[in-house]
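Notes for the structure review
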Amino acid sequence: MTGVLAALGAAIAWTAASGLWRSLSTVGPAWLLNILKNSLATLCFLPVLLSIPWGGSGSGLIWLLLSGAVGIAVGDTFYLLALRRLGTRRTLTVEAIGPVLASIGSVSLMGEVLEPSAWVGACCVTAAVLLVAKNGASMGPADPTGLICSCLAVLCGLAGAFLARHVLTSSSLLPVQSAAVRLLGGWLCLLPFCGRALNQLRLTNRMQGGAVVAAVLLGTNLGIVLQQIVFKSLPVGLGVSLMSTAPVFALLISPIEREKIQILDACAAALAVTGVALTVMAGSTGA
């Protein structure tokens, strides 16, 4: 159950952080926010980075650095762009393609065997978030650029996930160490732009500063550590299916963003719960 609880915890952490990042749209462009969050998160993990045996971990650390560059530096920049153009619920909803793609990748790329209930669970979660998307259509037409950015964020995130899963299952690195190295990889990729970012940063009050810190600690530090625990404990297909319940949790922040919760949202929540139950059942059977 460790992987299951970590996955649901990550979904909640990312949903809360997504709402905070959207409220910080006046601070600067998406790439700047990504640099800011990765710099702060990497700094928080500095003691962990110093504890890693860099000389004796082989190529695993290189793959983790690459995973961070693709999944965090590139993927999160696309994600933050999508948040600004689509809003929290719609951005998380586009990620509905994640569970099915992750399940296909688990079988075809990692050689992992998934129970039939895992596939049904992934489809339930996908249907749930697509239902949220259909209901969100009342908010007006979606921005095409935002949709493209959200899809690219999903693909980059999955690429980073498979690389991290490979390292975690073939090395003695702890999930917290994997998370720290991935963040370092993302930060190194964004390092050339840090100087320019400082010049464009527009924090106008302490509340914005507090929101940035909270979003980093929740969505980046805590969220990525929980994500690595998931990849250590569960196949990518199962883990991504559970973590993709974020759009349902996003319903909780809908009133803050002045979006009404409709009957279809309740149906989507029921579908998501069913999907989670089936995925948990598959994980228990596999264990």
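The model shown is predicted, which means the values in this text are computed figures rather than measured ones.

Rules and cut-offs
Residues numbered from 1 in each chain as written. Predicted model: local features only at pLDDT ≥ 70, side-chain atom pairs only at ≥ 80, totals over all residues. Heavy atoms only, no water. Helix = DSSP H or I, 4+ residues; strand = E, 2+ residues; numbered from the N terminus. Buried < 20%, exposed > 50% of the residue type's maximum accessible area, 1.4 Å probe, protein only. Contact = heavy atoms within 4.5 Å. Areas by Shrake-Rupley, 256 points an atom, 1.4 Å probe, with all protein chains shown as cover. Axes fitted to C-alpha atoms, helices over the stretch in contact; angles between N-to-C directions. Parallel < 35°, antiparallel > 145°, perpendicular 65-115°, else oblique. Left-handed = near helix turned anticlockwise from the far one by under 90°. Nonpolar A, V, L, I, M, F, W, Y, C, P; charged D, E, K, R; others polar. Core = buried A, V, L, I, M, F, W, Y, C linked by side-chain atoms within 4.5 Å. Patch = residues over 30% accessible without salt bridge, like charges linked within 9 Å, V, L, I, M, F, W, Y side chains within 5 Å. Salt bridge = Lys/Arg side-chain N within 4 Å of Asp/Glu carboxyl O. Disulfide = S-S within 2.5 Å. Expected span 1.5 Å × (residues − 1). Arc of directions from axis to C-beta.

Below, the discussion takes up the overall build of the chain. Looking only at helices and strands, one finds 14 helices and 0 strands in the chain. Helices and strands in the chain line up, N terminus first, as α-α-α-α-α-α-α-α-α-α-α-α-α-α. Expressed as a percentage of the 287 residues in the chain, the buried residues total 53%. Within the chain, counting contacts between residues at least 6 apart in sequence, those at least 24 apart form 89% of the total. For the chain, the accessible surface area stands at approximately 12400 Å², while carbon and sulfur atoms represent 71% of it.

Another aspect to go through is the packing of helix α4 (residues 60–86) against helix α9 (residues 175–190). Two numbers describe a pair of packed helices, the interaxial angle and the distance between the axes. Where α4 contacts α9, the two axes come as close as 7 Å, and the packing angle between them is 60°. Taken together, the axes of α4 and α9 are oblique relative to one another. Judged by the sense of rotation from one axis to the other, the crossing of α4 with α9 is right-handed. Residues L61, L64, L65, S67, G68, A69, G71, I72 and A73 of α4 form the contact with α9, whose participating residues are S178, V181, R182, L183, L184, G185, G186, C189 and L190. Split into classes, the residues belonging to the contact of α4 with α9 amount to 11 nonpolar, 6 polar and 1 charged.

Let's shift gears to the side chain of Q227. Structurally, Q227 can be placed in helix α11 (residues 206–233). We classify Q227 as buried; its relative accessible area is 12%. Setting aside residues no more than four positions away along its own chain, Q227 makes contact with A10, W14, R182 and M243.

Right, let's talk about the packing of helix α1 (residues 2–23) against helix α12 (residues 236–243) for a bit. Between α1 and α12, whose axes approach to 8 Å, the crossing angle comes to 40°. One element, α1, and the other, α12, form an angle in the oblique class. As for how α1 packs across α12, the hand of that crossing is right-handed. Note on element contacts: α12 touches α1 through G239, L242 and M243, opposite V4, A7, L8, A10, A11 and W14. Tallied by class, residues from the contact of α1 with α12 come to 8 nonpolar, 1 polar and no charged.

Another point: the nonpolar core. Counting residues in hydrophobic clusters, the biggest one holds 53 residues, and the most contacted among them are W21, F45, V230, F231, V240 and M243. Those elements that provide at least two residues to this core are α1, α2 (30–44), α3 (46–50), α4, α8 (144–170), α9, α11 and α12. Among the elements that make up this core, the one with the highest residue count is α11 (9 residues).

What follows deals with the side chain of N38. Here N38 is to be found in helix α2. Beyond its immediate stretch of four places on either side in the chain, N38 contacts I72, L183, W187 and L190.

Right, let's get into a nonpolar patch on the surface. The grouping of I97, L101, I104, V107, W119, I148, L152 and L155 at the surface amounts to a nonpolar patch, some 640 Å² of accessible area in total. Within the residue set of the nonpolar patch, elements represented by two or more residues are α6 (97–108) and α8. With 4 residues, the single largest contributor to the nonpolar patch is α6. On the secondary structure map, I97 appears in helix α6.

To continue, consider the environment of A7. Relative to the helices and strands, A7 resides in helix α1. Each C-alpha atom, one on A7 and one on I229, is 8.2 Å from the other, the two residues being 222 residues apart in sequence. Look past the residues within four positions of A7 in its chain and what remains in contact with it is V230, G239, L242 and M243.

Considering all chains together, one arrives at 0 disulfides under this definition. Note on C123: no disulfide assigned, nearest cysteine sulfur contributed by C124 at a separation of 7.2 Å.

Taking 1.5 Å of rise per residue, the 12 residues of α6 would be expected to cover 16 Å, and the 17 Å separating its terminal C-alpha atoms lies within 8% of that figure. For α6, the complete set of buried residues consists of G98, P99, A102, S103, G105 and S106. The buried residues of α6 occupy an angular sector of 165° when projected down its axis, which confines them to one face.

A separate point is α12. Burial of α12 is extensive: 8 of the 8 residues sit out of reach of the surface. Inspection of α12 places V236, G237, L238, G239, V240, S241, L242 and M243 among the buried residues, and these make up the whole buried set.

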